[in-house]
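Summary of structural features
Residues per chain, in single letters:
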Amino acid sequence: MDMIETAGLTKKFGDLTAVDGVSFKVAEGEVFGFLGPNGAGKTTTVRMLCCLLSKTSGEAHIGGYDVAKDHDSLEIRQMIGVVPDNVGLYEPLSAYKNLDIYGRLYGMTEAGRRQNIERYLGMLGLWEKRDVAAGAFSKGMKQKLAIARALIHDPKVLFMDEPTANLDPESSKTVRDFILDLKQEKRTIFLNTHNLDEAQRVCDRIAILNTKLMATGTPDELENMVGGKKVVVELAQASDAVVAALKKKFAGVAIVSDGAKLSVASADPDGQVPDIVDAVVRAGGRVRFAGVEGSSLEATYLQLVRKEG
Amino acid sequence: MRFSQAWIVATKDFATFTKKRNIIYTVLIVPLVVSVALPGVVWYVQHRVNGADVGAAELTILLPAFVFFYLIIAGFIPTTIASYSLVGEKIEKSMEPLLATPTTDGEILFGKGLAAFVPPMGAILASSVLFMALMDTFTRGALGYYYFPNWDAAALLYLAVPLAVVMSVEWNVFVSSRVSDVRIAQQLGAIMILPLAGLYVGGEIGLVPLGDLNTTLYIAAALAIVDLLLLSVVRETFQRDQILTKWK
């Protein structure tokens, strides 16, 4: 079942088109990454999906509900949790009170609120700080509290807008690990980010947005979109004889030599590794490493974003 | 419109206000000063050595003018709360997660309105009881009867004052959508006391017959009309699309 579905979703601010005809589907339990540079329309898209901004045209449904219908929008907001790019906590109030207010707004019972507050603050390492004012928290702690707030009512769909932006590496890792924990619980997660490494680590599929949707696929599919895979062989020592032998044996194939590192383009890299290693050894080369490397997600991302720019 | 959702928004604001000293001081101290200081002036004048007592004729002019102070502070006190409630949320960027909950714009607006309405009204009504009790105590001898309560004071405190508080709240919601600094919002928000202060001055120079029930009812009717006009402006202003994209 698709939890999120858009078709030609468009948002204009006057003459400026912020999001242009975006269409995609996100399955239940999927972690879907939304990659794009600043100003690409990621936050605007999330705001439309969360019923925070009206769309100019197109369609968007969350859990079968239409974001454009008033009654549906209340149902949608009941089933989603949102971690905005600005955490927006009530800083004079304690962590517990911040979560309790949101639990009440989602119609939770007092016992349910207490249980989930303890659960999520515990999971995020904030339970001991529950009575401390949110304003006294570090940036990382505030981000974790905002995540707990988004989860307080156990939403089916979680929207996270740059959840690790401006966090130190340790806090970023904690948040990423937490997203992976949520993935185990089969929650649908929509992750806005411009952190390619993060997207690659946690997302099942990724969409690249630059006002328009440039590409959608699994991290592997996107990696191979530009350049494809190649066999890489690292020699103990650079050798012109080995390069010459390879060029002779694999005539017409792109072979790139970078000192002791050789790259051989291949349509079937996994199948060709033994042949290439054999050719290297026969030419007198000593192999330190041989394996398959793909194009990087970064290469695909940059090519798609620059092409549009 | 679900009152329960609006009340949660309001109680959240109440909890926040208790952490803000300037809000507590404004809400409690201003009405308290009015309720104690004005009877204190009357008491002092009546007990000063070698001074002439304030006569019954003067008191029947002074007392309704003093009650009118509550209408003026009704236009002032909500300014502090409403401006913090909205501009404070803008500064802390806490409006977006609130809008993402299953709460309608109208419920949030109503909740914000309640948060800015209830504390000033509670403080004004409570302090007015003290004011009337002290005034009756100090003027019973000169007047020969208890001046308070009376229909004019009741109309002013239970009709005109709530309408003035609503006017102030609505005006402050509008102002808060245009500025991003709490102090500027408070300064602009306080503009609403000018017409009320003008009425007071009009009363002092004999243009407006303060203490007359009909006058108070006319003022209340005018306030009700202003409230309705401002309500339409505020409802137009307080929409999620506008809040997230056009509010400064």
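The text that follows walks through the structure, step by step, so that each part is easy to find. (Residues numbered from 1 in each chain as written. Chains lettered and ligands numbered in written order. Predicted model: local features only at pLDDT ≥ 70, side-chain atom pairs only at ≥ 80, totals over all residues. Heavy atoms only, no water.)

Brief notes about the interface of chain A and chain B
Under the convention used in this document: For this analysis, residues touch if any pair of their heavy atoms sits within 4.5 Å. What counts as buried area is the accessible surface, traced by a 1.4 Å probe, that two parts surrender upon association, with contributions from both included. Basic side-chain nitrogens of Lys or Arg form a salt bridge, by our definition, when they fall within 4 Å of a carboxyl oxygen of Asp or Glu. N or O atoms within 3.5 Å of each other form a polar contact, as long as, within protein, one can give a hydrogen and the other can take it, and as long as residues adjacent in sequence are counted only when both atoms are side-chain atoms. Helix numbers and strand numbers start at the N terminus; a helix is a DSSP run of H or I with at least 4 residues, a strand a run of E with at least 2.
Listed by partner, the interface residues are 28 residues for chain A and 28 residues for chain B. Between chain A and chain B, roughly 2,500 Å² of surface is buried when both sides are summed, and carbon and sulfur atoms account for 64% of that area. For the pair chain A and chain B, the interface holds two salt bridges. Here Arg47 of chain A and Glu96 of chain B are joined by a salt bridge, their closest N and O atoms 2.8 Å apart. At the boundary of chain A with chain B, the tally comes to ten residue pairs in polar contact (both at pLDDT 80 or more). Contributions of two or more residues to the side of chain A that touches chain B are made by strand E1 (2–13), helix H2 (70–79) and helix H3 (95–105) of chain A. At five residues, H3 of chain A tops the list of elements feeding residues into the side of chain A that touches chain B.

Overview of the pattern of salt bridges
Residues and elements named next belong to chain A. Keep this limit in mind: Buried, partly exposed and exposed residues are distinguished by accessible area as a fraction of the type maximum, computed with a 1.4 Å probe on protein chains only: under 20%, between the cut-offs, and over 50%, respectively.
Enumeration over the complete set of coordinates arrives at 23 salt bridges over all chains. Of the charged contacts in the structure, one is a salt bridge between Asp154 and Arg119, with a shortest N-O distance of 3.6 Å. Within this pair, whereas Asp154 is found in the loop between helix H5 (139–151) and strand E7 (157–161), its partner Arg119 is found in helix H4 (residues 110–123), the two being separated by 35 residues in sequence. Take Asp154: its relative accessible area is 35%, and that puts it in the partly exposed class. Here Glu198 ties to Arg176 by a salt bridge, and the two come within 3.9 Å at their closest N and O atoms. Of the two residues, Glu198 is situated in helix H7 (residues 196–202) and Arg176 in helix H6 (residues 169–184); the sequence distance between them amounts to 22 residues. Here the salt bridges share partners, and the residues they tie into one network are Arg119, Asp154, Glu185 and Arg187.

Observations concerning the pairing of strand E8 (residues 188–193) of chain A
Residues and elements named next belong to chain A. Selection rule: Two strands pair under a simple rule: DSSP has to find at least two bridges between them. Crossovers are described as right-handed under a simple rule: with the strands pointing away from the observer, the path leading from the first strand over the helix to the second runs clockwise.
Most of E8 sits inside the fold, with six of its six residues counted as buried. Residues Thr188, Phe190 and Asn192 point to one face of E8 and Ile189, Leu191 and Thr193 to the other, with burial holding for every one of them. Note that E7 and E8 share five bridges and pair parallel. Bridge pairing in E8 links Phe159 to Phe190. Of the crossover connections in this fold, the one passing from E7 over H6 to the parallel E8 is right-handed.

Topic: the sheet that holds E1 of chain A
All names here are of chain A. One open sheet holds the four strands; their spatial order is E2-E1-E4-E5, and the pairing between them is antiparallel. The open sheet has two edge strands with one neighbour each: strand E2 (16–27) and strand E5 (65–66). Where strand E4 (residues 57–62) and E5 come together, two bridges link them in antiparallel fashion. If you follow His61 over to E5, its bridge partner there is Asp66.

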